[in-house]
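Descriptive structure summary
If you want the building blocks of each chain, they are given just below.
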There are 2 protein chains.
Amino acid sequence: MHKIDMEMGKDIYEVNRKIAQEINRLFDEKGVKAIDFMGSIGSGKTLIIERLIEILNDRKIGVIVGDVSGDDDYKRIKKYGVQVVNINTGKECHLDAHLVEHAIEEINLNEIDILFIENIGNLVCPADFDLGTHKRGVVISITEGDDMVRKHPLIFQISDFIIINKIDLLPYMDVEIDKVLKDIEKIAPKKVFLTDAKSGKGIKELAEWLLS
Amino acid sequence: MHKIDMEMGKDIYEVNRKIAQEINRLFDEKGVKAIDFMGSIGSGKTLIIERLIEILNDRKIGVIVGDVSGDDDYKRIKKYGVQVVNINTGKECHLDAHLVEHAIEEINLNEIDILFIENIGNLVCPADFDLGTHKRGVVISITEGDDMVRKHPLIFQISDFIIINKIDLLPYMDVEIDKVLKDIEKIAPKKVFLTDAKSGKGIKELAEWLLS
């Protein structure tokens, strides 16, 4: 990251915005509903997408999986038999619209109606880069502590929904979920889902809302 | 992040390296041992530093706390009565040597012999920015899953030590710690500490090693 490859005088955010708009138009033209899942490492983004694929088994789903390195998440999604593309960013700390533009060249958009994008595990950088999706959401795990919203307000503010995951671990943690909910109400009043992706708790409500 | 403020033609990494070298010389001159703690959000960096302060109560300690926003961690450290400086980066996803250079202007280096720096919660960006410390370490929480080392190899490779924290939660997680240890051995064979910062388990060994 931080190595910016741009033509003189062009604002990278502006370039990203334009590509994102084009992608969004393409999604609409093809009738594809696209969702960007952001969130820190280990917050449970991949497992939530796996559970959504299981629940939405009457839908044609595509997935773009972003990681700095490796294909662990790609393999996890691949076993569901859906279209999936892996993006390894190398050193970049977020996906951008240009990377997604290339990834969707590898997906037959005529054959899917939902596209899930799993962003790089990071609560800071992805916020600045719209990927042309219809909705953006942040996944936080209760194991991250109860101060993550006020520590990283921007990513919550630019999101449409917030998933608080791993709520099954609450009894074993010194974490007050009410503090998180109060911070959300104050800093970024968005739709909130409480989930335990391991057991599947809360995923049905999420799936229904995403498609509404 | 991604907004790079530089003079034409200057490499930001090279600029950072030079400032880091100056900081390192200053630490040596003042007899201060400095440690950079990196790691994702909620991995337990602050609590580990708190436990180290408790154990090293015969030492004069200073702390620099980095966060995108807020002063939660600052307040937690402040109550120990040590010198502490809060850096809010706003949108930056890592500390850099220039930020640390200004932070240490607010610390009386003649009155401390150890400086802990808590970096921004992020497993990608901080890796590229040496802060002039004598040792750099990564804290990972077992709740992040067992694939985080191979997903983010660089930050482990440039570190001197790795802390695997929250091992008390292992019984409640589908996580195999052996997988993490094998990845470390293969990708970044560094000194490893298994800790449960909540109870203090493993912190004494860490403190002894850091000062050795």
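Here the residue numbering is sequential within each chain, running from 1 through the sequence in written order. Both sets of labels track the order of writing: A upward for chains, 1 upward for ligands. With the structure being a predicted model, the display of local features is reserved for residues of pLDDT at least 70 and the display and counting of side-chain atom pairs for 80 or more, all residues being used for whole-chain, interface and lining totals. Think of the side-chain values as coming from all heavy atoms in the structure, minus any hydrogens and water.

1. Some points on unusual backbone geometry
Even without being glycine, A:K166 reaches a positive phi, approximately 60°. Secondary structure elements are defined from DSSP: runs of H or I of at least 4 residues count as helices, runs of E of at least 2 residues count as strands, and each element is numbered from the N terminus. Relative to the helices and strands, A:K166 is located in the loop between β6 (161-165) and α7 (177-187).

2. Remarks on the confidence of the model for chain A
Should the pLDDT be low somewhere, the predicted coordinates at that spot are not to be read in detail. All names here are of chain A. For every residue, the predictor states its confidence as a pLDDT score lying anywhere from 0 to 100. Averaged over every residue, the pLDDT of chain A is 94; residues scoring 70 or more account for 95%. This stretch, residues 1-9, has a pLDDT under 50; its non-local contacts, to residues over four places away or in other chains, come to 26 contacts. On the interface metric, ipTM, the complex scores 0.80, and its pTM is 0.88. Note on contacts: a residue pair qualifies if any of its non-hydrogen atoms lie within 4.5 Å across the two residues.

3. Examining the nonpolar core
Among buried residues, the Ala, Val, Leu, Ile, Met, Phe, Trp, Tyr and Cys ones that are joined through side-chain atoms within 4.5 Å form a nonpolar core. In this scheme, a residue with accessible area under 20% of its type's maximum is buried, one over 50% is exposed, and one in between is partly exposed, where area comes from a 1.4 Å probe on protein chains only. By size, the foremost hydrophobic cluster in this structure holds 50 residues, and its most contacted members are A:F27, A:I64, A:L115, B:F27, B:I64 and B:L115. At the level of elements, α1 (12-30), β3 (83-88), α4 (97-103) and β4 (114-118) of chain A together with α1 (12-30), β3 (83-88), α4 (97-103) and β4 (114-118) of chain B are the ones that each hand at least two residues to this core. When near neighbours in sequence (up to four residues on either side) are disregarded, B:I64 contacts B:V85, B:I87, B:V100, B:A103, B:I104, B:I107, B:L115, B:F116, B:I117 and B:E118. Counting 42 residues, the second-largest nonpolar core is a separate cluster that includes A:I155, A:I162, A:V175 and B:L169.

4. Concerning the sheet that holds strand β5 (residues 135-141) of chain B
Residue and element names in this part refer to chain B. One requirement defines pairing of two strands: DSSP has to find at least two bridges between them. If you walk across this open sheet you meet the seven strands as β3-β2-β4-β1-β5-β6-β7, and the pairing is parallel. The two strands at the open ends of the sheet, each matched to only one other strand, are β3 and β7 (191-194). On average, adjacent strands in this sheet sit at an angle of 20° to one another, irrespective of strand direction. With five bridges connecting them, strand β1 (residues 33-39) and β4 associate as parallel partners. Counted as the bridge partner of K33 is I114 from β4. The axes used here are C-alpha line fits, helices contributing only the stretch in contact, and every angle between their N-to-C directions lies in the interval 0 to 180 degrees.

5. Details of empty space enclosed by the protein
Of the grid points, spaced at 1 Å and generated over the protein atoms alone, those admitting a 1.4 Å probe that cannot get out make up cavities, while open sets with protein on both sides within 12 Å along at least five of seven lines make up pockets; any residue with an atom within 4 Å of a point is treated as lining. Grid points are joined across faces, edges and corners, and a volume is the space filled by probe spheres set on the points. Counted according to the given criterion, the structure contains two cavities of 30 Å³ or more. Of the voids in this model, the largest cavity is the one considered here, and its volume is about 40 Å³. In this structure, the largest cavity is lined by A:S40, A:I41, A:G42, A:T143, A:E144, B:I41, B:G42, B:T143 and B:E144. Of the volumes computed, that of the second largest cavity is approximately 30 Å³. Around the second largest cavity sit A:S40, A:G121, A:N122, A:L123, B:S40, B:I41, B:G121, B:N122 and B:L123, which together line it. When the residues that make up the lining of the second largest cavity are grouped by side-chain class, the tally is three nonpolar, six polar and no charged. Only Asp, Glu, Lys and Arg are considered charged, only Ala, Val, Leu, Ile, Met, Phe, Trp, Tyr, Cys and Pro nonpolar, and every remaining residue, Gly among them, polar.

6. Remarks on the pattern of salt bridges
Whenever a carboxyl oxygen of Asp or Glu lies within 4 Å of a side-chain nitrogen of Lys or Arg, that contact is scored as a salt bridge. Per the counting criterion, the structure on display carries 28 salt bridges over all chains. Residue A:D73 is joined to A:R76 by a salt bridge in which the shortest nitrogen-to-oxygen separation is 3.8 Å. Within this pair, A:D73 and its partner A:R76 are both found in helix α3 (residues 72-78), separated by three residues, close to a single helical turn. On the basis of relative accessible area, A:R76 is assigned to the partly exposed category, the value being 28%. Through salt bridges with shared partners, a single network forms among A:E50, A:D67, A:D73, A:R76, A:K79, B:D147 and B:K151.

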